[in-house]
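# Remarks on the overall topology
For reference, the chains in residue letters:
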Amino acid sequence: MSPRKIASLAALVWFGLLAACSNEADQAKVQAVSATEAGTMYQASELAALMRAMASGHETNKSKFAAGEWDADVLRNWREVHANMQSAQATKPNEIGDFFREKSSEYLERMDEVIRLVEANAPQAEKRDAYNSLIETCVACHQQHCQGPIPRIQKMKLPADAATGNEG
Amino acid sequence: MVLVLACQPSGDAADNRSFAYFGDTIETAGALAPEALLEQLKTSDSISATVEATIDGVCQSKGCWMDLNMGNGQTMTVRFKDYAFFVPMDATGKNAVVSGYVKVDTLSVDWLKHKASDAGKSQAHIDSITEPRVEYSFLANGVAIEAKAAQK
């Protein structure tokens, strides 16, 4: 290989490596700091913390419920804990009015209905519909009060094809 | 020798900053400027993108959305995927890199009123919102907010 070809090849390799490494170098020098160094974070109110826990419970159990694996003990425990939303301190207490009280009562009534159906060993389709109706009260309330979580709440509903499975 | 030299950080050209991360830890390198994002959106209604811009406003209730200054007199609302993370409520004026999905969205009157309320706007301002608005809307899976210059 001629010296000119060798020099050209070396230059090609050099520029290739520079291009490949430039992004890596840029990212490597970025330093990660804690969230508080970027500003003041929201501290969840009593109601917001409760709702996060409620959401987590619904999301964790979704696949089991969809498969027909209902647990009346879990639902009865939820009924007791979730009832605290009617007294928990909200992020914006002035926004808690008749509409919220109506929707939270509706949520608890629909929870009672799901529990009743589970205890009665009702068909999965009935339990699914009652459960989705329960979740729908969350959507309806958030449409009025805080729309941010609605897409996440919608995902908690059980799919329509979850009509089969263990009827227990 | 060549390998070692080639992969050294490029000194002043390197991104020598510090970021706080929210949601997914995203790559800040190679983020688009707002003008470049707007240019890409001329030929597509929706794209996956990483963009860097100045924060123009943040939800004052929880930090559950923020506006980015697009440099053309308009802002772009950034919301956070699955409502899974929030950003600091006093981050207005800071530089942010957001990564996710941007699309043309029709913002409903209800949402615009909710947003105005969260932004601390007056009741008169909130009442004046009567029409939906069409604008670019960004759903971010990760946000990086510049905190301070990294130590050299």
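On to the overall build of chain A. In terms of regular secondary structure, chain A is built from six helices and one strand. Reading chain A from its N terminus to its C terminus gives the helix and strand order α-β-α-α-α-α-α. A burial count over chain A gives 39% of its 168 residues as buried. The long-range fraction of contacts in chain A, counting pairs at least 24 apart against all pairs at least 6 apart in sequence, stands at 74%. Entry remark: accessible area of chain A is about 9,200 Å², with carbon and sulfur atoms responsible for 54%.

Each helix and strand in chain B was counted, giving four helices and six strands. In chain B, the succession of α and β elements from N to C terminus is α-β-α-β-β-β-β-α-α-β. In chain B, the share of contacts with a sequence separation of at least 24, taken over all contacts with a separation of at least 6, comes to 72%. When the accessible area of chain B is evaluated, it comes to approximately 7,400 Å², of which 50% is carbon and sulfur surface.

All names here are of chain A. Trp70, Leu75, Tyr107 and Tyr131 are the most contacted members of the largest nonpolar core, which totals 33 residues. Listing elements by their share of this core, those giving two or more residues are helix H2 (46-66), helix H3 (72-82), helix H4 (98-119), helix H5 (124-145) and helix H6 (150-154). Sorting elements by how many residues they give to this core places H4 first, with eight residues. For Leu75, the residues in contact, after removing those within four places along its chain, are Phe65, Trp70, Met111, Val114, Ile115 and Val118.

Next up on the list: the confidence of the model for chain A. Predicted confidence across chain A gives a mean pLDDT of 85, with 79% of residues reaching 70 or more. Here residues 15-26 of chain A is modelled with pLDDT under 50, and outside its nearest four sequence neighbours on either side it reaches 16 contacts, counting other chains as well.

Regions with low pLDDT should not have their predicted coordinates read in detail. All names here are of chain B. Scored by pLDDT, chain B has a mean of 86; 87% of the residues are at 70 or more. Every residue in residues 1-13 is under pLDDT 50, and counting partners more than four places away or in other chains gives 16 contacts. At the level of chain-chain contacts, confidence expressed as ipTM amounts to 0.74, with global pTM at 0.77.

This part covers helix H3 (residues 109-118) of chain B. Turning to H3(B), its buried residues are Trp111(B), Leu112(B), His114(B), Lys115(B), Ala116(B) and Asp118(B). Once H3(B) finishes, Gly120(B) follows within two positions and takes phi at roughly 80°, a positive value.

Moving on: the pattern of salt bridges. With the rule as written, the count across this model stands at 20 salt bridges over all chains. A single salt-bridge network, built from bridges that share partners, covers Asp73(A), Arg76(A) and Glu119(A).

Residue and element names in this part refer to chain A. Tracing the backbone through its elements, the reader meets Ser104 in helix H4. At 3.2 Å, the side chain of Ser104 and the side chain of Gln86 are in polar contact. The residues contacting Ser104, other than those within four sequence positions of it, are Met85 and Gln86.

A word on the environment of Leu32(B). Residues and elements named next belong to chain B. Mapped onto the elements of the fold, Leu32 is located in the loop between strand E1 (17-23) and helix H2 (34-40). Sequence-wise, Leu32 and Ala49 are 17 residues apart; in three dimensions their C-alpha atoms are separated by 7.7 Å. Not counting chain neighbours up to four residues away, the residues in contact with Leu32 comprise Leu37, Gln40, Ala49, Thr50, Val51 and Glu52.

On to the packing of aromatic side chains. By the definition in use, this model includes eight aromatic pairs over all chains. Judged by centre distance (5.7 Å) and plane angle (70°), the rings of Trp70(A) and Tyr131(A) are edge-to-face. Placement of the pair is Trp70(A) in the loop between H2 and H3 and Tyr131(A) in helix H5, with a sequence separation of 61 residues. The residues Trp70(A) and Tyr131(A) share a single accessibility class, namely buried. Cluster of aromatic residues (ring-pair linked, three or more members): Phe65(A), Trp70(A), Trp78(A) and Tyr131(A). Stacked on the ring of Trp111(B), the Lys or Arg Arg79(B) has its end atom at 4.3 Å from the ring centre.

Parameters and conventions
Residues numbered from 1 in each chain as written. Chains lettered and ligands numbered in written order. Predicted model: local features only at pLDDT ≥ 70, side-chain atom pairs only at ≥ 80, totals over all residues. Heavy atoms only, no water. Helix = DSSP H or I, 4+ residues; strand = E, 2+ residues; numbered from the N terminus. Buried < 20%, exposed > 50% of the residue type's maximum accessible area, 1.4 Å probe, protein only. Contact = heavy atoms within 4.5 Å. Areas by Shrake-Rupley, 256 points an atom, 1.4 Å probe, with all protein chains shown as cover. Core = buried A, V, L, I, M, F, W, Y, C linked by side-chain atoms within 4.5 Å. pLDDT = per-residue confidence, 0-100. Salt bridge = Lys/Arg side-chain N within 4 Å of Asp/Glu carboxyl O. Polar contact = N/O pair within 3.5 Å; in protein donor to acceptor, adjacent residues only side chain to side chain. Phe/Tyr/Trp six-rings, centres within 6.5 Å; stacked < 30°, edge-to-face > 60°. Lys NZ or Arg CZ within 6 Å of the ring centre and 35° of its normal.

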